[in-house]
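# Commentary on secondary and tertiary structure
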Amino acid sequence: MRLMANIMLVDDEVEILELIEAYLMGDHTVFKYDNPLDALAALNEGQDNDVSASGGSLVDLAILDIMMPGMDGFALCRKIRERHTFPIIMLTAKDGDYDKIGGLTLGADDYMVKPFNPLELLARVNAQLRRARILYETDNTKDNLVLEIRGLRVDSQAHTCSLYGKEVILTPTEFSILLLLCKNKGRVISSERIFEAVWGEDYYDGNNTVMVHIQKLRKKLGDTKKRKDYIQTVWGVGYKIEE
C-alpha cells in the first residue's frame, strides 16, 4: 500500500535536502526548507488550511536536522510539539546519547545518525507513517477498545486519551506505548517487547528510546511520588500499569 504523505524536510545543507528528496519523492510529496524559521512559518500558516491523514495538519511527518544556525533542530522540534503530533525524525551528525535522548525528550519519534543510508531513512519514514495512519484510522468495523484505569481513559478507535475528563495530548508513538501497556494491564512488558511492537524493529542493547518515551508519558500523566504512578518500573524487567 502506498502511503503518499506530505513530508516536511528541514536541513541547512542543500545537498542533504536534495538527496533525501530524491529518495522520498517517488512515494511522497516533499516540502524542503533550509531555514528552520521558514519551515515553522509555513507549518503554522498551513495548519488551518488543510487536514492530513495523520490528524489535523498539512504535514504528515517531519525530518529535522539538529545542527542548524539560528534555530537548531531541538528548538524547532519543541515549537512543533506545541501544536502538532505528527511523527518527527531527527537527523544528528553525532553518534552520542545526548543528541538522541535530547530529541526524543522533546517529542521526536525516531532519529538517524549522519551519514545514513537513504533507503533506511525511507523505511523508517514509512514505518512511522504506517503507525500514524493506524492510530488516526476511523474505520468503524475495527474493534473499539475503551480502557479505563484510575481516571485514565484510553480510546483505541478515537485515538484519544483523557485523565479525569481532561484531554491528554499524545504523539502517535506515546499513544501506541500507552495503549500497549493498558491492554496488558497488570503484566510487566519488557523494553524489548515495547520497542519491537511500537517501532517494528529489532531491539538492541543500549537503546534508551523506550525509557525516554516512558518518562515523557509519566510527565504528561502527572505521575508523582505523592501517589501511585500509572506507569510503574519493574527494575531489570520492564514496565506495567496496574489498577
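Sequence order as written defines residue numbering, which begins from 1 separately in each chain. Residues qualify for local features only when their pLDDT is at least 70, as the model is predicted, and side-chain atom pairs are given and counted only at 80 or more; totals for whole chains, interfaces and linings, by contrast, use all residues. Hydrogens and water are ignored here; the side-chain numbers use all heavy atoms of the structure.

## Digging into the sheet that holds strand β1 (residues 6-10)
- Read across the sheet, five strands follow the order β2-β1-β3-β4-β5 without closing on themselves; strand pairing throughout is parallel. For this open sheet the edge positions go to β2 (29-33) and β5 (110-113), each flanked by a neighbour on one side alone. Adjacent strand axes in the sheet meet at a mean angle of 20 degrees when their direction is disregarded.
- Note: two strands are recorded as paired if DSSP finds a minimum of 2 bridges between them. Every helix listed is a DSSP run of H or I at least four residues long, and every strand listed is a run of E at least two residues long, numbered separately from the N terminus. Relative to β5, strand β4 (residues 88-92) is paired through four bridges, and the arrangement is parallel. Counterpart to Leu-91 in the pairing with β5 is Met-112.
- Packing against the sheet, helix α3 (residues 73-81) makes contact with β1, β3 (61-65) and β4, and its axis sits at approximately 170 degrees to β4. The convention used is that axes are lines fitted to C-alpha atoms, helices contributing only their stretch in contact, and that angles between N-to-C directions extend from 0 to 180 degrees. Working rule for contacts: check all heavy atoms of both residues, and any pair within 4.5 Å makes them a contact.

## With respect to the pairing of strand β7 (residues 152-155)
- Relative to β7, strand β6 (residues 146-149) runs antiparallel, the two being bridged by four bridges. Residue pairing for β7: Val-146 is matched across the bridge by Asp-155.
- Hairpin remark: β6 followed by β7, antiparallel, with two residues in the connecting loop; positive phi at Arg-150, about 50 degrees.
- Between β7 and strand β8 (residues 160-163), which pair antiparallel one after the other, the connecting turn spans four residues, and His-159 there sits at a positive phi close to 55 degrees.

## Observations regarding the packing of helix α6 (residues 172-183) against helix α8 (residues 209-220)
- Relative orientation of the contacting elements α6 and α8 amounts to 85 degrees, with a least axis distance of 10 Å. In terms of orientation, α6 and α8 fall into the roughly perpendicular class. Together, Thr-173, Glu-174, Ile-177, Leu-178 and Leu-181 of α6 and His-213, Ile-214, Lys-216, Leu-217 and Lys-220 of α8 make up the contact between the two elements.
- Throughout this entry, Asp, Glu, Lys and Arg are counted as charged residues, while Ala, Val, Leu, Ile, Met, Phe, Trp, Tyr, Cys and Pro are counted as nonpolar. The remaining residues, Gly among them, count as polar. Grouping the amino acids of the contact of α6 with α8 by side-chain chemistry returns five nonpolar, two polar and three charged. Angles below 35 degrees are treated as roughly parallel, those above 145 as roughly antiparallel, those between 65 and 115 as roughly perpendicular, and all remaining angles as oblique.

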